[in-house]
Protein chains: 2
Amino acid sequence: MNIYDIAKASGVSTATVSRVLNGSERVSEQTRRKVLSVMEAQGYRPNAFARGLGLGTMRMVGILCTDVSDPFYASAVSLLEGALRRMDYDMLLYCTGSEPADRDRYVELLLDRHVDAILLVGSVFADPSGPALEKAAAQIPVVLINGSVPDGNIYCVDSDVEAAFRSAVSRLFSAGARRILYLYDVLTYGGRMKLSGYRDGLSACGIPYDPSLCVRLERDPDSAVRSLRGLIAGGLSFDAVLCAEDLFAVAAGKALRGASLSAPVIGCNNSILAVCASPALTSIDMMLESLCETAANTLNILLEGRQAPHRAVISSRLVERETFRLP
Amino acid sequence: MNIYDIAKASGVSTATVSRVLNGSERVSEQTRRKVLSVMEAQGYRPNAFARGLGLGTMRMVGILCTDVSDPFYASAVSLLEGALRRMDYDMLLYCTGSEPADRDRYVELLLDRHVDAILLVGSVFADPSGPALEKAAAQIPVVLINGSVPDGNIYCVDSDVEAAFRSAVSRLFSAGARRILYLYDVLTYGGRMKLSGYRDGLSACGIPYDPSLCVRLERDPDSAVRSLRGLIAGGLSFDAVLCAEDLFAVAAGKALRGASLSAPVIGCNNSILAVCASPALTSIDMMLESLCETAANTLNILLEGRQAPHRAVISSRLVERETFRLP
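The written sequence of each chain sets the order in which its residues are numbered from 1. Following the order in which they are written, the chains are lettered starting with A and the ligands numbered starting with 1. At least 70 in pLDDT is required for a residue's local features to be given in this predicted model, at least 80 for side-chain atom pairs to be given and counted, and no such filter applies to totals for whole chains, interfaces and linings, which use all residues. Side-chain descriptors were evaluated using all non-hydrogen atoms of the structure, hydrogens and water having been removed beforehand.

**A short note on the interface of chain B and chain A**
Here comes step 1: Contact definition: two residues touch when any of their heavy atoms are within 4.5 Å. Contact residues are listed per partner, giving 44 residues for chain B and 42 residues for chain A.
Here comes step 2: Accessible-area loss on putting two parts together, using a 1.4 Å probe and summing over both, is the definition of buried area adopted here. Summed over both partners, the interface of chain B with chain A comes to about 3900 Å²; 56% of that surface belongs to carbon and sulfur atoms.
Here comes step 3: Of all residues in chain B, M58(B), R113(B) and C276(B) bury the most surface against chain A, accounting for 16% of the area lost on that side.
Here comes step 4: Take a side-chain nitrogen of Lys or Arg and a carboxyl oxygen of Asp or Glu: if they are within 4 Å of each other, that pair is a salt bridge. A salt bridge links D90(A) to R113(B), with the shortest nitrogen-to-oxygen separation between them at 2.5 Å.
Here comes step 5: Polar contacts, as used here, are pairs of N or O atoms within 3.5 Å; protein pairs need one atom able to donate a hydrogen and one able to accept it. Residues neighboring in sequence count only if both atoms are side-chain atoms. Put simply, chain B and chain A have 18 residue pairs in polar contact (both at pLDDT 80 or more) between them.

**With respect to the side chain of S123(B)**
All names here are of chain B.
Here comes step 1: Of note, S123 is situated in the loop between β3 (117–121) and α7 (132–139).
Here comes step 2: One polar contact links S123 to T188, side chain to side chain, over a distance of 3.3 Å.
Here comes step 3: Excluding anything up to four places from it in sequence, S123 contacts I145, N146, T188, Y189, G190 and G191. Counting from the N terminus, the helices are the DSSP runs of H or I reaching at least four residues and the strands are the DSSP runs of E reaching at least two.

**Topic: the sheet that holds strand β12 (residues 317–319) of chain A**
All names here are of chain A.
Here comes step 1: Taken in spatial order, the six strands make up an open sheet running β7-β6-β8-β9-β10-β12, and their pairing is mixed. Every other strand in the sheet has two partners, leaving β7 (214–216) and β12 as the edge strands with one partner each. Adjacent strand axes in the sheet meet at a mean angle of 20 degrees when their direction is disregarded.
Here comes step 2: At least two DSSP bridges between two strands are needed for those strands to be called paired. Across three bridges, the pairing between strand β6 (residues 180–184) and β7 is parallel. Only the stretch in contact is used when a helix axis is fitted, and all axes are lines through C-alpha atoms; the angle between N-to-C directions ranges over 0 to 180 degrees.

**Brief notes about the environment of S18(B)**
Here comes step 1: Turning to its location among the elements, S18(B) is positioned in helix α2 (residues 14–22).
Here comes step 2: Distance from S18(B) to T96(B), taken between C-alpha atoms, is 32 Å for residues 78 residues apart in sequence.

**A few points about the sheet that holds strand β7 (residues 214–216) of chain B**
Residue and element names in this part refer to chain B.
Here comes step 1: The six strands lie next to each other as β7-β6-β8-β9-β10-β12, forming an open sheet whose pairing is mixed. Looking along the sheet, the strands with just one partner apiece sit at the ends: β7 and β12 (317–319). Ignoring which end each strand starts from, the neighbouring axes of this sheet average 20 degrees apart.

Here it is as structure tokens:
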């Protein structure tokens, strides 16, 4: 059953059926009713293309993330897909990679697709890329998960990760740590918030910032372990480790054990790695489920044409496991 | 070459060509065959062409997986998204959950969306669900990754995981193991292949199958560790562990260490968990990248209207790390 069949059964041209689907005013009320009643009688479901043309919506939400093979983003995409499904929207997923220029291109592609809204997963999208995002946000709802931007048209569901890192430093300090190694990879918006929380935390504890304790690593477990072993062998001394990612906390644990050292370690994201590491990682949980749920709710409100808050902040929490217990 | 040329060469109207493209049932089998043979003879590419004429192709491929938050599926989706993008197709992702009835519903939804093809990620889709998949495969290319089905219309890119598990058993046997514990969760198509490989491997080594060594676990690290600790405390004796998933190999490592025991352990999937576990896991690598690349190639060939092999089998390999080295 397609548009040709509907046209024939209604005794009109396919152009007229298209006009009905388009909601064109150039169709008489009588013809419109006839075509619609044939569609109903035949159980006709206009295909996505026709729906897009005719009813003004594809019921499709575009999701951008840099890399869905990252477990944190994978969990987010999984949660969002479920939430969108419950809202009767489909998900068009684009993985943008890490080049800002590509991000802009993908936003343009989503606009070409006439998606109803865009969800941006990851703090990387809080960084300036190009004009496409602003353009998109002027046309359709755009919601950023895990970041904040000044553009008033982009809705933000952010995490208080800066406060969480500040608090982690003070907890390590209370446990006796004075030289806290900080491990990170990128300084995206989220990366900068974490680093800022680390530095503010040191400052609040009266510990001067030592750049040699702030170490950038490759996001690859083997390479991270090698780098850390090199630093330890080179005489770098520290009495605690705070990490921007669970992966680095895993690497720190391996490097410490390899050197027969021991120190409290705190990771971030509370991922499957935190549970599977030996010893299991204490980790900052950014409450991804709440972030995604809040973002989906915001989107739903906006798609219904109602007012939503421009910014929501979700509290993180520290999940204690074997690598660090609160004193 | 356009729709008018095809219509002229077939001796039918353009509307009839459209009906053939749309898979309408209101075309006689004879006419359908004639139009298709003209298309084939002329090297006509219906999708790209139909798109140009607005006949409804969305250049969109539907992907079904049970849960994209699973790292194995997340990697697959990430690889496929990139491959589809290079083919200039977008990806519509549905996470079906584990209910067979839901799988069928999602296939119907993809057909409603008039996707150009469907990719099924995971051996779970090799199990019978309902009539929707067969119906889909009669209309558009359907490619199953990591499994095989008898339906000749569904193209399969399978892994030789059964052989890999058989070989893992024989390698553990060569290293002296005689009581090999097998840990698994589900008996989907893939799960049955692995179990069958384990049992055939035992048989080939002359070891009788002992059901008490074949243990089903929850796919949750803490619960798996608890179950294994209980079994060890209850006196279950074994001298090697083979696991259907890296997650269970992690749990086995933790349970062994907790009981001050040691035994070779082999996981499966060669995931980030294998690298991050301590000790790092020896793991069966099902070569996900090759599976996805082959599936995308198959799809590309089919979308171009050419013939593709109905089944391809990708060889697994054993990646040796700390939990087991070949003797």
